[in-house]
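Listed below are the residues making up each chain.
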Amino acid sequence: DYLTEEKNILAVRCDDENHPAQVRGKQRWKKENFGCWYVQTTGIYKSVWMEYVEDAYLTGVKITPSLKDYTVRFDASVSAPAEDVEIRFAISFEQWSVGSPALYDVEITVYKAGRETDKTGSYFGLREFVARDGKLLLNNIPFYARLLLDQGYWPDSGITPPDEEAMIKDICLAKEMGFNGVRKHQKVEDERFFYYADILGFVVWC
């Protein structure tokens, strides 16, 4: 609605208030370290992008698989709900585990009056963690969590990964050392990290 046919300028703004009510993670609102030696971080630390969409497009989807009855639930939303707007899901493929991270691919398509207006892809794993009789179970099999404490810092770029290869290398090195997951310490991680953890078979505890 705000674009013109001429030149447009996009400004990306990040409000980072100096107030303890804002969820901060590794940031702080006091000048002193108070015994904590984290590097002060602030501002935008994830990728920002634009994409073209039509009037009726997918705005969000939550995928919840159930191991109990081998079903999956989709909670999706569109930009302009109407009686002639529908969302179709096409699922192709097995059960996820650390040793064999099998994933289902999902194609999600939005239609307006029978015409395709948006299409995207996603995925999910058929897995379930439960605690029973003093044990942690993954898909009803005892799971021994060998997790690293992951602070989520990068030497030259703070909490922003330098590239995707660095995230993949971190996961692969941890697996090679015998760990099967990480416990993320006070950080909302880059979504791409979760993606690579899923396809490589790596547990993330947040």
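Data block above holds the structure.
### Looking at the pairing of strand β2 (residues 71–78)
Relative to β2, strand β1 (residues 58–66) is paired through 8 bridges, and the arrangement is antiparallel. The residue of β2 that forms the bridge with Gly60 is Ser77. Where β1 folds back onto β2 in an antiparallel hairpin, the turn is made up of 4 residues, including Tyr70, whose phi is positive at roughly 55 degrees.

### Description of the packing of aromatic side chains
Counting across every chain of the model gives 8 aromatic pairs. Note on Phe129 and Phe143: the rings are 5.7 Å apart at their centroids and 75 degrees apart in plane angle, and the pair reads as edge-to-face. Taken together, the positions of Phe129 in strand β6 (residues 129–132) and Phe143 in the loop between β8 (141–142) and β9 (147–150) put the pair 14 residues apart, joining distant regions of the chain. Look at Phe143 and you get buried, because its relative accessible area is 13%.

### A closer look at the pattern of salt bridges
As enumerated under the stated definition, the model contains 12 salt bridges in all. The salt bridge involving Arg115 is made with Glu54; its shortest N-O contact spans 2.8 Å. When its relative accessible area of 26% is taken as the criterion, Glu54 is described as partly exposed. The partner of Lys119 in a salt bridge is Glu116, with the nearest N and O atoms 3.8 Å apart. On the basis of relative accessible area, Lys119 is assigned to the partly exposed category, the value being 43%. One network of salt bridges, in which partners are shared, links Asp150, Lys184 and Glu189.

### Topic: the side chain of Thr109
By secondary structure assignment, the location of Thr109 is in strand β4 (residues 104–112). Leaving out residues up to four positions away in the same chain, Thr109 has contacts with Glu86, Ile87, Arg88, Glu116, Asp118 and Lys119.

### With respect to the nonpolar core
One finds Phe74, Val85, Val106, Val110 and Phe124 to be the most contacted residues of the largest nonpolar core, which totals 13 residues. Of all the secondary-structure elements, those providing two or more residues to this core are β1, β2 and β4. If one sorts the elements of this core by residue count, β4 sits on top with 4 residues. Non-local contacts of Val110, meaning those with residues more than four positions away in its chain, are made with Ala56, Tyr57, Leu58, Val78, Val85, Glu86, Ile87, Arg115, Glu116, Thr117 and Asp118. In terms of nonpolar packing, the next biggest core, distinct from the first, is built from 10 residues, Ala174, Tyr196, Ala197 and Phe202 among them.

### Notes on the sheet that holds strand β10 (residues 181–184)
Sheet architecture is open: 3 strands sit in the order β9-β10-β11, paired in parallel fashion. Only two strands of the sheet have a single neighbouring strand rather than two, namely β9 and β11 (203–205). Averaged over neighbouring strand pairs, the angle between their axes works out to 25 degrees when direction is ignored. In this structure, β10 lies alongside β11, joined through 3 bridges in parallel fashion. Each residue of the ladder has a partner; that of Gly181, found in β11, is Val203. Together, β9, β10 and β11 form the strand contacts of helix α2 (residues 191–200), whose direction differs from that of β11 by roughly 140 degrees.

### With respect to the sheet that holds β8
Across the sheet, which stays open at both edges, the 3 strands sit in the order β6-β7-β8 with antiparallel pairing between neighbours. Of all strands in the sheet, those bounded by a partner on one side alone are β6 and β8. Relative to β8, strand β7 (residues 135–138) runs antiparallel, the two being bridged by 2 bridges. Bridging from a neighbouring strand, Leu137 pairs with Pro142 of β8.

How each quantity is defined
- Residues numbered from 1 in each chain as written.
- Predicted model: local features only at pLDDT ≥ 70, side-chain atom pairs only at ≥ 80, totals over all residues.
- Heavy atoms only, no water.
- Pairing = 2+ DSSP bridges.
- Helix = DSSP H or I, 4+ residues; strand = E, 2+ residues; numbered from the N terminus.
- Phe/Tyr/Trp six-rings, centres within 6.5 Å; stacked < 30°, edge-to-face > 60°.
- Buried < 20%, exposed > 50% of the residue type's maximum accessible area, 1.4 Å probe, protein only.
- Salt bridge = Lys/Arg side-chain N within 4 Å of Asp/Glu carboxyl O.
- Contact = heavy atoms within 4.5 Å.
- Core = buried A, V, L, I, M, F, W, Y, C linked by side-chain atoms within 4.5 Å.
- Axes fitted to C-alpha atoms, helices over the stretch in contact; angles between N-to-C directions.

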